[in-house]
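Understanding the architecture of this molecule
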Amino acid sequence: MQVKSLIGATAALFAMLGAGVHAAVQAAGPAGVQVSGCWVRTMPATLPSSAYFTIKNDADKPVSLKDVDAPAFGMVMMHRTQSNGSTSRMVHVDAVDVPAHGTLQFAPGGYHVMLEQPKSTLKVGTTIPLTLDFGAAGKLDVQCELRPASASAH
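In this text the structure is predicted, and so the values were computed from the model without any measurement.

Rules behind the numbers
Residues numbered from 1 in each chain as written. Predicted model: local features only at pLDDT ≥ 70, side-chain atom pairs only at ≥ 80, totals over all residues. Heavy atoms only, no water. Disulfide = S-S within 2.5 Å. Helix = DSSP H or I, 4+ residues; strand = E, 2+ residues; numbered from the N terminus. Core = buried A, V, L, I, M, F, W, Y, C linked by side-chain atoms within 4.5 Å. Buried < 20%, exposed > 50% of the residue type's maximum accessible area, 1.4 Å probe, protein only. Contact = heavy atoms within 4.5 Å. Pairing = 2+ DSSP bridges. Phe/Tyr/Trp six-rings, centres within 6.5 Å; stacked < 30°, edge-to-face > 60°. Salt bridge = Lys/Arg side-chain N within 4 Å of Asp/Glu carboxyl O.

The next subject is the state of the cysteines. Scanning the model with the defined rule gives one disulfide in all. What pairs with C38 in a disulfide is C144, and their sulfur atoms sit 1.9 Å apart. One quick way to see it: the torsion about the S-S bond of C38 and C144 is about 75 degrees, and its sign makes the bridge right-handed. Placement of C38 in strand β1 (residues 33-41) and of C144 in strand β11 (residues 139-147) is noted, with a sequence separation of 106 residues between them.

Looking now at the nonpolar core. One finds F53, I55, L65, F106, L130 and L132 to be the most contacted residues of the largest nonpolar core, which totals 30 residues. Discounting chain neighbours no more than four positions away, the residues touching F53 are V35, S36, G37, C38, L65, L104, Q105, F106, V113, L130 and L132.

So, on to the pairing of strand β9 (residues 111-118). Across three bridges, the pairing between strand β2 (residues 49-57) and β9 is antiparallel. Its bridge partner being in β9, S49 is matched across the sheet by L115. By the bridge criterion, seven bridges tie strand β5 (residues 73-84) to β9 in an arrangement that is antiparallel. Bridged to R80 within β9 is Y111.

Here the focus is the packing of aromatic side chains. The final tally for this structure, using the stated rule, is three aromatic pairs. Both rings, one in F53 and one in F106, keep their centres 4.5 Å apart while their planes meet at 20 degrees; by these two values the pair is stacked. In this pair, F53 is assigned in strand β2 and F106 in strand β8 (residues 102-106), connecting sequence segments 53 residues apart. The exposure class assigned to F106 is buried, which follows from its relative accessible area of 2%. Considering the side-chain rings of F106 and Y111, the 5.6 Å spacing of their centres and the 35 degrees angle between planes classify their relative orientation as tilted. Comparing F106 with Y111 shows no difference in burial state: the two are buried. Within the aromatic cluster, the residues linked to one another by ring pairs are F53, F106 and Y111.

Next up on the list: the side chain of H112. Its place among the elements puts H112 in strand β9. By relative accessible area, H112 is classed as buried at 4%. With residues near it in sequence (within four places) discarded, H112 still touches S50, A51, Y52, M77, M78, H79, R80, T81, M90 and F106.

The next point concerns the pattern of salt bridges. The final tally for this structure, using the stated rule, is two salt bridges. When the shortest N-O distance is used, the salt bridge between D58 and K56 registers 3.9 Å. Judged by its relative accessible area of 35%, D58 falls in the partly exposed class. A relative accessible area of 38% places K56 in the partly exposed class. A salt bridge links R147 to E145, with the shortest nitrogen-to-oxygen separation between them at 3.4 Å. Exposure remark for R147: the relative accessible area of 12% places this residue in the buried category.

Here the focus is unusual backbone geometry. The phi dihedral of H101 falls on the positive side, at around 55 degrees, and the residue is not glycine. With respect to the secondary-structure elements, H101 resides in the loop between β7 (96-98) and β8. Its identity is not glycine, yet Q117 carries a phi of approximately 60 degrees, on the positive side. Position of Q117 relative to the elements: it lies in strand β9.

In structure tokens, the structure reads:
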């Protein structure tokens, strides 16, 4: 009987520790900010790939995404596509603001993260990590699904 109690208590302790580690990772980012739906349109190594995701800010204050890090790539930049009639161009952005109680999408034809110089072969169907840096508010780590070049938002 005591062995079963000890095993149960040990399992409960590990479950709590696992939950604590998860909470600690989440606590490192801005309070009330969540990132979902991260995916990367993979391209051949000579062309830039792009990352897309949604940032939801449930906090009472706006937050600013200042930088993105992708260890799988040698160069990472935030861009916004700007259209003017029948032409479009990409413009580098230093930061992107997410309003209080608002949502901001990084999506094809809008904000996106350019990923250049892959450090290894990208395998469609796997994931890579991105770290979103909100300056003094903290950082959030997300996993992004690698999709083929023909992928579109859904």
